[in-house]
Amino acid sequence: MSKALIILMMLSWATQADTLKALNVDRAVPNSMHLSFANDSNITPKKGDFKIVNYVLMSNEEGERWAVITLTNLSSGNRELSEEHLLALFADGSRFMPMELKLGFKGKETQSLTVSFADYKFPILSVYSSNDL
C-alpha cells in the first residue's frame, strides 16, 4: 500500500471522527407540548429569580447533550445563576442539571449561555427553571 493511500485513509478517518463530535441542532419540541413524566424523586430546580426566555437543544452522534439558553433575571438586584437553577427533562423522564456553571446577572438583565448536560443516551425534551414550572 502506498504512503499516499495510507495518509488519505488516515485523513478520512480523522474527518469522520470530527463529524461525530460536531454538534447539531435538534428538532425543536414546541413549548406548548405537555409532558407528564413521573417525578418520584421530586427533582426540581433551585428556587431563583431566573426565567427561561428560550432555548436551543443540540447533540452529536456520541451522545453529548448541550443547550443554548436565554434567561432573564426577574429581580431588580444582581443575581448569580448556577447549575442548580436549571434542569433538563430527557426523553426517558430523567432530569439532570447541567455541568457546573456560574454566571452573574444585573437586575432585569437577559443573557444567553451555552451549557453542557454531559453525555446521555436519550435526547433532551425541555429545559426549565423554578419560574418555568
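One can find the structure itself at the top, above this paragraph.
Residues numbered from 1 in each chain as written. Predicted model: local features only at pLDDT ≥ 70, side-chain atom pairs only at ≥ 80, totals over all residues. Heavy atoms only, no water.

A. Geometry of the sheet that holds strand E9 (residues 124-128). Spatial strand order, E6-E5-E9: 3 strands in an open sheet with antiparallel pairing. Every interior strand has two partners, whereas the edge strands, strand E6 (95-96) and E9, have only one. Judged from the 2 bridges that link them, strand E5 (residues 87-90) and E6 form a sheet pairing that is antiparallel. In the sheet register, leucine 89 faces E6, and the bridge partner there is arginine 95. (Pairing = 2+ DSSP bridges. Helix = DSSP H or I, 4+ residues; strand = E, 2+ residues; numbered from the N terminus.)

B. How the structure looks around a nonpolar patch on the surface. On the surface, a cluster of nonpolar side chains totalling about 230 Å² of accessible area is made up of Met33, Leu35 and Phe37. Within the secondary structure, leucine 35 sits in the loop between strand E1 (24-25) and strand E2 (50-59). Judged by relative accessible area, which is 30%, leucine 35 ranks as partly exposed. (Patch = residues over 30% accessible without salt bridge, like charges linked within 9 Å, V, L, I, M, F, W, Y side chains within 5 Å. Areas by Shrake-Rupley, 256 points an atom, 1.4 Å probe, with all protein chains shown as cover. Salt bridge = Lys/Arg side-chain N within 4 Å of Asp/Glu carboxyl O. Buried < 20%, exposed > 50% of the residue type's maximum accessible area, 1.4 Å probe, protein only.)

C. Focus on the environment of lysine 106. Position of lysine 106 among the secondary structure elements: in the loop between strand E7 (102-105) and strand E8 (110-119). Overall, lysine 106 belongs to the exposed group, its relative accessible area being 58%. Sequence separation of lysine 106 and glutamate 80 is 26 residues, and the distance between their C-alpha atoms is 8.8 Å.

D. View of the layout of surface pockets. Its volume calculated, the largest pocket comes out at about 410 Å³. As for the largest pocket, its lining consists of 20 residues, of which Tyr55, Ser126, Val127, Tyr128 and Asp132 are closest to the centre. Sorting the residues of the lining of the largest pocket by element identifies E2 and E9 as the ones contributing at least two each. Per-element accounting of the lining of the largest pocket gives the leading share, 5 residues, to E2. Considered class by class, the residues forming the lining of the largest pocket number 13 nonpolar, 4 polar and 3 charged. (1 Å grid on protein atoms, 1.4 Å probe; cavity = no way out; pocket = protein on both sides within 12 Å on 5 of 7 lines; lining within 4 Å. Points joined across faces, edges and corners; volume = space filled by probe spheres on them. Nonpolar A, V, L, I, M, F, W, Y, C, P; charged D, E, K, R; others polar.)

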